[in-house]
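Summary of structural features
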Amino acid sequence: MNSTPMRKERKMKTKSNLTRGLRNNNPGNIRLSKLPWRGEVRPGRDQAFCTFQTIEYGYRALLKLLRNYRLKHSCRTIRQMIERWAPPSENNTEAYICTVCGRTGMLETYAVNIDSKREMCKLAEAISYQENGVAGNMPDIEAGWELL
């Protein structure tokens, strides 16, 4: 009888066992549209969602969309941004808002400063977490910010 404790085998992370968003380098699960994003692969491997060359380009698109929510659609608060990002017709928007607020430390009524790298990257990380179930990698998110 062996007296050493049994080791648990670690499951290797491969593209196939990542979430759809992470497999597509699309941490915000952005749907396909007529106009391609910078860094988007066309045609991608997914028929409904964008596929990006790198995760940084996926974060860039997520951040760009959030900025456009303010600039083009007058979404100022966390609540307004998430209601647009994750509408009740497709999501449990209230739970989504709760998760984002919890991860960012911002109230749902907080008016996000879209020119603040810190605030926007925290928001992108929270959205990525909600979409994929794992924490976003802040250096990747910040690299996406730098691509704006």
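What counts as what
- Residues numbered from 1 in each chain as written.
- Predicted model: local features only at pLDDT ≥ 70, side-chain atom pairs only at ≥ 80, totals over all residues.
- Heavy atoms only, no water.
- Helix = DSSP H or I, 4+ residues; strand = E, 2+ residues; numbered from the N terminus.
- Buried < 20%, exposed > 50% of the residue type's maximum accessible area, 1.4 Å probe, protein only.
- Contact = heavy atoms within 4.5 Å.
- Areas by Shrake-Rupley, 256 points an atom, 1.4 Å probe, with all protein chains shown as cover.
- 1 Å grid on protein atoms, 1.4 Å probe; cavity = no way out; pocket = protein on both sides within 12 Å on 5 of 7 lines; lining within 4 Å.
- Points joined across faces, edges and corners; volume = space filled by probe spheres on them.
- Nonpolar A, V, L, I, M, F, W, Y, C, P; charged D, E, K, R; others polar.
- Expected span 1.5 Å × (residues − 1).
- Arc of directions from axis to C-beta.
- Phe/Tyr/Trp six-rings, centres within 6.5 Å; stacked < 30°, edge-to-face > 60°.
- Lys NZ or Arg CZ within 6 Å of the ring centre and 35° of its normal.

**Some thoughts on the overall build of the protein**
The helix and strand inventory of the protein stands at six helices and zero strands. Helices and strands in the protein line up, N terminus first, as α-α-α-α-α-α. Buried residues in the protein amount to 43% of all 148 residues. Across the protein, contacts joining residues at least 24 apart in sequence account for 53% of those joining residues at least 6 apart. Accessible area for the protein stands at about 9,100 Å²; split by element, carbon and sulfur atoms hold 51% of it.

**Brief notes about the layout of surface pockets**
One way to see where empty space is left: roll a probe the size of a water molecule over the atoms. When its volume is computed, the largest pocket comes out at roughly 340 Å³. Lining the largest pocket are 17 residues; nearest its centre among them are N29, I30, R31, W85 and E90. Of all the secondary structure elements, the ones that give two or more residues to the lining of the largest pocket are α2 (55-73) and α3 (78-85). Classifying every residue of the lining of the largest pocket gives nine nonpolar, four polar and four charged.

**Thoughts on helix α4 (residues 93-104)**
The terminal C-alpha atoms of α4 lie 16 Å apart, and with 12 residues this matches the ideal 16 Å at 1.5 Å per residue to within 8%. Taken residue by residue, α4 has T93, Y96, I97, V100, C101 and T104 as its buried positions. For α4, the angular spread of the buried residues around the axis is 130°, confining them to a single face. Every exposed residue of α4 that faces more than 90 degrees away from the buried side is listed here: C98 and G102. For α4, the elements touching its buried residues are α3 and α5 (117-132). Among the residues trailing α4, G105 stands out with phi positive, at a value near 80°.

**Points about the packing of aromatic side chains**
Here the structure, examined in full by the defined rule, presents one aromatic pair. Measuring from centroid to centroid gives 6.1 Å for Y69 and W85, while their planes differ by 65°, and the two rings are edge-to-face. Placement of the pair is Y69 in helix α2 and W85 in helix α3, with a sequence separation of 16 residues. You'll find Y69 and W85 in the same group, each marked buried. Here the basic side chain of R103 rests over the ring of Y129, its NZ or CZ set 3.8 Å away from the ring centre.

**Here's the deal with helix α6 (residues 138-146)**
Among the residues of α6, D140, I141, G144 and W145 are the ones counted as buried. The arc that holds the buried residues of α6, viewed along the axis, is 150°, so those residues lie on one side. For α6, the exposed residues set more than 90 degrees away from the buried face come down to P139 and E146. On its buried face, α6 sits against α2 and α5.

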